Amino acid sequence: MEKAMRDILPLFQRIEAVEEENQRRVLESFRRHKVSDAHFQGTTGYGYDDFGRETLEAVYADVFGAESALVRPQIMSGTHAITLALFGVLRPDDELLYITGRPYDTLEGVIGLRPGGDGSLADFGITCRVIELEDGKIDIARVNQAITSQTKMVAIQRSRGYACRPSLSINHIKEAIKAIKDDHPHVCLFIDNCYGEFVEDREPTHVGADLVAGSLIKNPGAGLVPSGGYLVGRKKWVDKAAERLSAPGLGKEVGPTGDALKPMFQGLFLAPHTTAEALKGAVFASRILEEVGLLAEPKWNDPRTDLVQSIIFHDRERMIAFCQAIQATSPVNAHVLPVPSPMPGYDDEVIMASGTFVQGSSIELTADGPLRPPYMAFVQGGLTFIHVKLAVMNALKVLMEKQLV
């Protein structure tokens, strides 16, 4: 382990340099918008004239380099935030073009790529085509050829999700956006930003994305936010998503915040640091598991563009044992044994180690994945590097004791 720590220290310095740049941007925005304790007082009922909510959304827009933002505790998940974007922008006879392969499992029912999503885009006559990545990159030439006058939205999933594919860098997303917009300025370029916030020193909206969505129980909430999601981008697209969250004609003007504002402000402020801690944990996990012959993607010394660290076990028993050991080293429900189970939105059984303070929070340490070949667990999050280190070392110890590595 000592050699592994020596190897990864230079990478920690790079992570901390990005953290510093992101923290500077967030701090400057808080100061620019004169955030005060008065902004932490939420509203009830309709939520009219909620100046704390309006200031929070102005800060989000500023930090993400966008015209407008929608940041609400009523958004239940990343999937919900993405659904607001899709249903806000798309209309019957429009086409959605996913250019990073099939999207995350829970979105397939939303779009209508598989049965089970009553009220999907397909039910409203909105079609979807999928273009696979080429050698881990967006096939820009093929995408440009595929876009027609019917194509209203082009969607990019930044993270790998539950797939054997790399996550995408901001530079590559920038290249794709420019090439597509040059040829097809009419399309709305949408980015699923889940797991990617504050990993690099820019966000997709800084490089031309029209609309971006994510979850507050991932990176931007820093483990403090109990629920919520965000959308940032061009005002006309954010406004359309807001009308789907509330009702046509009401948009962003309604939505009570109760006692949600303080943790949402504080979570955003801490997000660059918490994300950096989780990234250090992912680098450590990749490096130490490589020593026992497990295949980790990305490699420990690869550039990082999201939080997700995948571990390929090629064996059902090993994957289950690893996830159970992560659960056993959690601060919450360490005594609970996770087992593969059916979950809404997934075709396969899923095992989920998630001993977190916020249910399902993946900025906190989790390890999960669908039980299907090549039996890949996805490790993400960690409020502190030390917790990730302790949990991964315990999981490695369990695998060794069971003679699984």
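It should be noted that the structure appears before, not after, this text.
Residues numbered from 1 in each chain as written. Predicted model: local features only at pLDDT ≥ 70, side-chain atom pairs only at ≥ 80, totals over all residues. Heavy atoms only, no water.

A. Geometry of helix H8 (residues 261-290). For H8, with 30 residues, the first-to-last C-alpha span of 42 Å sits near the 44 Å given by 1.5 Å per residue. At Ala271, H8 shows its largest bend, some 55°, and a proline, Pro272, comes one to four positions later. In terms of residue burial, H8 counts as a mostly covered element, since 24 of its 30 residues are buried. (Helix = DSSP H or I, 4+ residues; strand = E, 2+ residues; numbered from the N terminus. Expected span 1.5 Å × (residues − 1). Bend = angle between axes of the 7 residues up to and from the residue. Buried < 20%, exposed > 50% of the residue type's maximum accessible area, 1.4 Å probe, protein only.)

B. How the structure looks around the pattern of salt bridges. Applying the stated criterion across every chain, the model contains 27 salt bridges. Here Glu57 makes a salt bridge to Arg72, at a shortest N to O gap of 2.7 Å. Taken together, the positions of Glu57 in helix H2 (residues 51-63) and Arg72 in strand S1 (residues 68-72) put the pair 15 residues apart, joining distant regions of the chain. Lys280 is paired through a salt bridge with Glu277; the nearest N and O atoms lie 3.7 Å apart. Residue Lys280 and its partner Glu277 are both found in helix H8; the two are separated by three residues, about one turn of the helix. By relative accessible area, Lys280 is classed as buried at 8%. For Glu277, a relative accessible area of 13% gives the class buried. Among the ionic contacts, a cluster of salt bridges with common partners joins Lys3, Asp7, Arg287, Glu290 and Glu291. (Salt bridge = Lys/Arg side-chain N within 4 Å of Asp/Glu carboxyl O.)

C. A look at the sheet that holds strand S9 (residues 309-312). Strand order in this open sheet of five strands is S8-S9-S12-S11-S10, and the pairing throughout is antiparallel. Single-partner strands in this sheet number two, and they are strand S8 (295-297) and strand S10 (350-353). Looking at each pair of strands side by side, their axes are set apart by 20° on average, direction ignored. In terms of strand pairing, S9 meets strand S12 (residues 376-380) through four bridges, oriented antiparallel. Bridging across to S12, Gln309 finds its partner in Val379. Sitting on the sheet, helix H9 (residues 316-328) is in contact with S10, strand S11 (366-370) and S12, with an inclination near 25° to S10. (Pairing = 2+ DSSP bridges. Axes fitted to C-alpha atoms, helices over the stretch in contact; angles between N-to-C directions. Contact = heavy atoms within 4.5 Å.)

D. A look at the pairing of strand S7 (residues 229-233). Counting buried residues in S7 gives five out of five residues, a clear majority hidden from the surface. Here S7 shows a buried face lined by Gly229, Leu231 and Gly233 and a second buried face lined by Tyr230 and Val232. When S1 meets S7, the two strands line up antiparallel, connected through five bridges. Paired with Ser68 across the two strands is Gly233, which belongs to S7. Note: strand S6 (residues 211-215) against S7, five bridges, orientation antiparallel. Of the residues in S7, the one forming a bridge with Gly214 is Tyr230.

E. Inspection of the packing of helix H1 (residues 2-32) against H8 at higher detail. In contact at an axis separation of 9 Å, H1 and H8 are set at 165° when each is read in the N-to-C sense. Overall, the two elements H1 and H8 adopt an arrangement that is roughly antiparallel. In terms of crossing hand, the pair formed by H1 and H8 is right-handed. Residue classes in the contact of H1 with H8 are distributed as 18 nonpolar, three polar and six charged. (Parallel < 35°, antiparallel > 145°, perpendicular 65-115°, else oblique. Left-handed = near helix turned anticlockwise from the far one by under 90°. Nonpolar A, V, L, I, M, F, W, Y, C, P; charged D, E, K, R; others polar.)

F. Structural context of the side chain of Gln327. Its location among the elements puts Gln327 in helix H9. Assessed through its relative accessible area of 4%, Gln327 is described here as buried. One polar contact links the side chain of Gln327 to the main-chain amide nitrogen of Ser354, over a distance of 2.8 Å. Ignoring any residue separated from it by four or fewer positions in sequence, one finds Gln327 in contact with Val332, Asn333, Ala334, Val336, Pro338, Met352, Ala353, Ser354 and Gly355. (Polar contact = N/O pair within 3.5 Å; in protein donor to acceptor, adjacent residues only side chain to side chain.)

G. Highlighting unusual backbone geometry. That bond from Glu297 to Pro298 is cis: its omega, 0°, falls within 30 degrees of zero. Secondary-structure assignment places Pro298 in the loop between S8 and S9. For the bond running from Pro373 to Pro374, omega is 5°, close enough to zero to count as cis. Along the chain, Pro374 turns up in the loop between S11 and S12. Phi is positive for Asp93, close to 80°, though the residue is something other than glycine. Even without being a glycine, Asn333 presents a positive backbone phi close to 60°. By secondary structure assignment, the location of Asn333 is in the loop between H9 and S10. When its relative accessible area of 39% is taken as the criterion, Asn333 is described as partly exposed.

H. Representation of the environment of Pro10 in the model. Looking at the secondary structure, you find Pro10 in helix H1. Along the backbone, Pro10 and Glu317 are 307 residues apart, and their C-alpha atoms lie at a distance of 35 Å.

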